[in-house]
Amino acid sequence: NFKSSKTISSIIFIFAGIYQFSSLKNFCLYYCQNPIEILSKINFNKFKSQLKVSLKHAIFCLGCCWALMLILFSVGVMNLLWISIISIYVFVEKNIVKTKYLDNLTGIVLIAIGIITYFK
């Protein structure tokens, strides 16, 4: 049903926008942007230690981006435009602009897209 699909997509965008403001996202993003804090605790001679640190870093990176990845399911997993937009955003967020303003702006834009999509 098109109406229910549009409603679910709107909810996903709004939820992803709200998540951009959350302290959990900021906490995970901090460690994803600064992996040296996690990597400094690794013992490179032990596989178990390497695996533990790798999983910890992966969880932090997933924690800051999972809501954005959820958007791909609402716009189409193979939609190259959205894949590109989200990839560029994640790269900029993690490597170039390390301020809260980008997250806030993105949150507002995602919420607006969700609202516009719902009422369109």
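A brief structural summary. Counting restarts for each chain: residues are numbered from 1 in the order of the written sequence. Per-residue local features are limited, in this predicted model, to residues with pLDDT of at least 70; the limit for side-chain atom pairs, both in listing and counting, is 80 or more; totals at the level of whole chains, interfaces and linings are taken over all residues. To obtain the side-chain values, all non-hydrogen atoms of the structure were included, while hydrogens and water were left out.

### Details of the overall build of the chain
Okay, so step 1: In this description a helix means any DSSP run of H or I spanning at least four residues, a strand means any run of E spanning at least two, and both kinds are numbered starting from the N terminus. When you go through the chain residue by residue, the secondary structure sums to six helices and zero strands.
Okay, so step 2: Listing each helix as α and each strand as β along the chain from the N terminus yields α-α-α-α-α-α.
Okay, so step 3: A principal-axis box enclosing the C-alpha atoms of the chain has dimensions of 55 × 30 × 25 Å.
Okay, so step 4: In the chain, of all internal contacts separated by at least 6 residues, the share reaching a separation of at least 24 is 69%.
Okay, so step 5: The protein chains shown are the only cover counted for residues, whose accessible areas, like all others here, come from Shrake-Rupley with a 1.4 Å probe. When the accessible surface of the chain is summed, it comes to about 7,800 Å², and 74% of that surface belongs to carbon and sulfur atoms. A contact between two residues is defined here by any heavy atoms of the two lying within 4.5 Å.

### Overview of the packing of aromatic side chains
Okay, so step 1: Any pair of Phe, Tyr and Trp rings, taking the six-membered ring for Trp, is counted once the centres come within 6.5 Å. Such a pair is stacked with planes under 30 degrees apart, edge-to-face with planes over 60 apart, and tilted for the rest. Applying the stated criterion across every chain yields a total of eight aromatic pairs.
Okay, so step 2: Here the aromatic rings of Phe15 and Trp66 are separated by 5.7 Å at their centres, their planes lie at 50°, and the arrangement is tilted. Placement of Phe15 in helix α1 (residues 2–19) and of Trp66 in helix α4 (residues 47–75) is noted, with a sequence separation of 51 residues between them.
Okay, so step 3: Ring centres 5.3 Å apart and planes at 70° place the aromatic pair Phe27 and Tyr31 in the edge-to-face group. With a gap of four residues between them, Phe27 and Tyr31 both fall in helix α2 (residues 23–33), about one helical turn apart.
Okay, so step 4: Taken together, Phe27, Tyr30, Tyr31 and Phe60 form an aromatic cluster joined through their ring pairs.

On their own, these measurements won't tell you what the molecule is for.
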